[in-house]
Amino acid sequence: MALQFGISLPQGWTMDLAHIKDPVEAYETMTRVAQTADEAGFNSAWLVDHFHTIPQPSQEVTFECWTTTAALARDTRRIRIGQMVSCNGYRNPALLAKMASTVDVLSHGRLNFGIGAGWYEHEYRAYGYDYPDAPDRLRHLREAVQVILAMWTQEEAVFEGKYYHVNGAINQPKGVQKPHIPLLIGGGGEKVTLKLVAQYGDACNVAGDLETLKHKFEVIRQHCEAIGRDYNSIHRTSMSVCIIGETDEEALAKVPPMMKARFGNAINTTLVGSIDTIRQRLQAYEEAGVQELLIAFPDATQLTSIKRFASEFIA
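No experiment lies behind these values; they were computed from the predicted model shown.

Further remarks concern the nonpolar core. Side chains of nonpolar character tend, in soluble globular proteins, to be buried together. Judged by nonpolar contacts, the single largest core of 80 residues is most densely connected at Phe5, Phe42, Phe113 and Phe309. Considering every element that reaches this core, the biggest residue donor is helix H5 (residues 134-153), with nine residues. Setting aside its immediate chain neighbours within four residues, Phe5 contacts Phe42, Asn43, Ser44, Leu282, Glu292, Leu293, Ile295, Phe309, Phe313 and Ile314. Ranked by size, the runner-up nonpolar core spans seven residues in total, among them Val241, Ile243, Val255 and Val272.

This next bit is on the environment of Pro57. Position of Pro57 relative to the elements: it lies in the loop between strand S2 (44-47) and helix H2 (65-75). Expressed as a C-alpha distance, the spacing of Pro57 and Glu123, which sit 66 residues apart in the sequence, is 8.3 Å. Apart from the residues lying within four places of it in its own chain, the contact partners of Pro57 are His52, Tyr120 and His122.

Attention now moves to the pairing of strand S12 (residues 292-296). The buried count for S12 comes to four of five residues, which makes it a mostly enclosed element. The sheet contact formed by strand S1 (residues 4-8) and S12 spans four bridges and is parallel. What sits directly across from Gly6, in S12, is Leu294. With five bridges joining them, strand S10 (residues 235-244) and S12 adopt parallel strand pairing. Within S12, the position partnered with Val241 by the bridge is Ala296.

So, on to the pairing of strand S7 (residues 165-169). On a regular strand, one side chain projects to one face of the sheet and the next to the other, so that they alternate. In the sheet, strand S6 (residues 157-160) pairs with S7 via four bridges, with the strands oriented antiparallel. Paired with Glu160 across the strands is His165, a residue of S7.

Turning next to the packing of aromatic side chains. For the structure on display, the rule yields 15 aromatic pairs. Ring geometry for Phe51 against Tyr127: centres 4.4 Å apart, planes inclined by 40°, an arrangement best described as tilted. Taken together, the positions of Phe51 in the loop between S2 and H2 and Tyr127 in the loop between helix H4 (121-126) and H5 put the pair 76 residues apart, joining distant regions of the chain. Members of the aromatic cluster, joined through ring pairs, are Phe51, Tyr90, Tyr124, Tyr127, Tyr129 and Tyr131. Positioned above the aromatic ring of Phe217, the side-chain terminus of Arg236 is 5.8 Å from the ring centre.

Overall, the coordinates contain twelve salt bridges when judged by the stated rule. One salt bridge connects Glu60 with Lys21, and the closest N-O pair in it is separated by 3.9 Å. Of this pair, Glu60 sits in the loop between S2 and H2 while Lys21 sits in the loop between S1 and helix H1 (23-40), and the two are 39 residues apart along the sequence. For Glu60, a relative accessible area of 23% corresponds to the partly exposed category. Between Glu312 and Arg279 there is a salt bridge, and its shortest N-O distance comes to 3.6 Å. Of this pair, Glu312 sits in helix H11 (residues 304-313) while Arg279 sits in helix H10 (residues 275-288); the two residues are 33 residues apart in sequence, bridging distant segments of the chain.

With respect to the helices and strands, Lys216 occurs in helix H7 (residues 210-227). When sequence neighbours within four positions are dropped, the list of residues in contact with Lys216 reads Gly188, Glu190, Leu194 and Val206.

Our next topic: the environment of Pro179. When you line up the elements, Pro179 lands in the loop between S7 and strand S8 (183-186). Classification of Pro179 as exposed rests on a relative accessible area of 70%. A sequence separation of 86 residues divides Pro179 from Pro93, and the C-alpha atoms of the two residues are 19 Å apart.

Rules used in this analysis
Residues numbered from 1 in each chain as written. Predicted model: local features only at pLDDT ≥ 70, side-chain atom pairs only at ≥ 80, totals over all residues. Heavy atoms only, no water. Core = buried A, V, L, I, M, F, W, Y, C linked by side-chain atoms within 4.5 Å. Buried < 20%, exposed > 50% of the residue type's maximum accessible area, 1.4 Å probe, protein only. Helix = DSSP H or I, 4+ residues; strand = E, 2+ residues; numbered from the N terminus. Contact = heavy atoms within 4.5 Å. Pairing = 2+ DSSP bridges. Phe/Tyr/Trp six-rings, centres within 6.5 Å; stacked < 30°, edge-to-face > 60°. Lys NZ or Arg CZ within 6 Å of the ring centre and 35° of its normal. Salt bridge = Lys/Arg side-chain N within 4 Å of Asp/Glu carboxyl O.

This is the structure in structure tokens:
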């Protein structure tokens, strides 16, 4: 199977570390998940960029994304480490580009850089950030990706925008990967976000059912054609959840109540089912145009499902 697989790491954002009260133990548990995925052959491991749990804030452990990215760069050996996705509003983009360049060196060139416009209003306001409306957040994102790319490619970065300004910023080292760290833009907005993917992105991440994915990828293709870019130069990713059972019924019975409420009937289109069902759904994702599927395992901390998935589906 040509489809690549990433793993969404547990870090408190969906209460998946809630049963672990010691923060050191929680971090080491998350690290073991990343290391197991590394050894099992997964292509990538991804961290969400949230300061507390979603969709409801709680007191459960939630590790900051970029410091954790740096730590995992040293705790793993082969697997790529990325963010799904960095919230642009939380960090100055020139500083973020510098952080990423450093982490790319720490990881020996294994960093995936994910960024999006941001959406979690409660978190913005709780931490004292301004929360512009969606069009304004997207305008910020458009300028931010240009700043980041300038920091990665120019000897002395210069950018003069409405929201961001850099004038002679030196970024050394720029990272290991050439021509620069791959830039993934997350989101599915067809008029702005997917156009930004075509203009600036090396990768995209879009969510939805198979028909939605096909449609979004076609929109990216059209944006690429409009600017003369090769559509196939963009790495296409999406997300799913995986629960393996001996039968579909057994797998569905294992779905946590919070996940049932979140997915509803759409849970029947995810990787929840028997080995044969999951194999068929993986083929459908690939046929829809997905090149890398990022998978959340609700029982990831137990490691068993990760190892079984790898033995069944990763060559």
